[in-house]
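Results of the structural survey
Here is what each chain is made of, one letter per residue.
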Amino acid sequence: MASLQDQLRGLVYSTEHGDTCPECRQPLDNCRCAEAAEEERLATLDGIIRLRRETKGRKGKGVTLVEGVPLKSADLKALAKDLKKRCGTGGALKDGVIEIQGDQREVLKGELEKRGYKVKLAGG
């Protein structure tokens, strides 16, 4: 990681190129930081989807988290939409993790296994 002084000295805007990426200092049109981060996330996955229920920080309301899905962002978003529709509940996609409202682990496990994924129930 660059020092604070190096971070503050970087070019932020150019009249020639417009906005620049703070990480690679390339114009935003040429920046590939998001693609590199996506490839790095996919490389760390082991091919097993983990389903877990979480209530922490949600005022006692439970959500089901779907982690480790080996898909790119656009495909992951489409999968999240299909899973929410299948469960009949709401949810969100945050940092490569699909959140489905309520305890939907069994429904999601059946649906994901039907799609050909290896699924494990993790946590409480």
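All of the points below concern the structure found in this document. Quick caveat: nothing in here was measured; it's all calculated off a predicted structure. (Residues numbered from 1 in each chain as written. Predicted model: local features only at pLDDT ≥ 70, side-chain atom pairs only at ≥ 80, totals over all residues. Heavy atoms only, no water.)

Some words on helix α3 (residues 73–87)
Here α3 spans 21 Å end to end across 15 residues, near enough to the 21 Å set by a 1.5 Å rise per residue. The secondary structure elements touched by the buried residues of α3 are α2 (33–43), β5 (91–94), β6 (97–101) and α4 (105–114). Of the residues trailing α3, G88 is marked for its positive phi of about 75°. (Helix = DSSP H or I, 4+ residues; strand = E, 2+ residues; numbered from the N terminus. Expected span 1.5 Å × (residues − 1). Contact = heavy atoms within 4.5 Å.)

A closer look at the packing of α3 against α4
In contact at an axis separation of 10 Å, α3 and α4 are set at 130° when each is read in the N-to-C sense. The angle between α3 and α4 places the two elements in the oblique class. Considering how the two elements wind past one another, α3 and α4 form a crossing that is right-handed. Packed against α3, whose contacting residues are L79, L83, R86 and C87, the element α4 presents V107, L108, E111 and L112 at the interface. When the residues that make up the contact of α3 with α4 are grouped by side-chain class, the tally is six nonpolar, no polar and two charged. (Axes fitted to C-alpha atoms, helices over the stretch in contact; angles between N-to-C directions. Parallel < 35°, antiparallel > 145°, perpendicular 65-115°, else oblique. Left-handed = near helix turned anticlockwise from the far one by under 90°. Nonpolar A, V, L, I, M, F, W, Y, C, P; charged D, E, K, R; others polar.)

Overview of α4
Where α4 is concerned, the buried positions are R105, L108, E111 and L112. One side of α4 carries all its buried residues, which in axial view fall inside an arc of 135°. Of the residues in α4, the exposed ones pointing more than 90 degrees away from the buried face are E106 and K114. Contact partners of the buried residues in α4: β3 (48–54), β4 (63–67), α3, β6 and β7 (118–121). Phi turns positive, to about 95°, at G116, one or two residues after α4. (Buried < 20%, exposed > 50% of the residue type's maximum accessible area, 1.4 Å probe, protein only. Arc of directions from axis to C-beta.)

Concerning the pattern of salt bridges
Counted by the stated rule, this structure contains eleven salt bridges. The partner of K114 in a salt bridge is E111, and the shortest N-O contact between them spans 3.6 Å. In this pair, K114 and E111 are both assigned in helix α4, three residues apart and thus about one turn of the helix distant. R115 is the partner of E111 in a salt bridge, and the nearest nitrogen-oxygen pair spans 3.2 Å. Look at the salt bridges and you will find they share partners, linking D82, R86, E111, K114 and R115 into a network. (Salt bridge = Lys/Arg side-chain N within 4 Å of Asp/Glu carboxyl O.)

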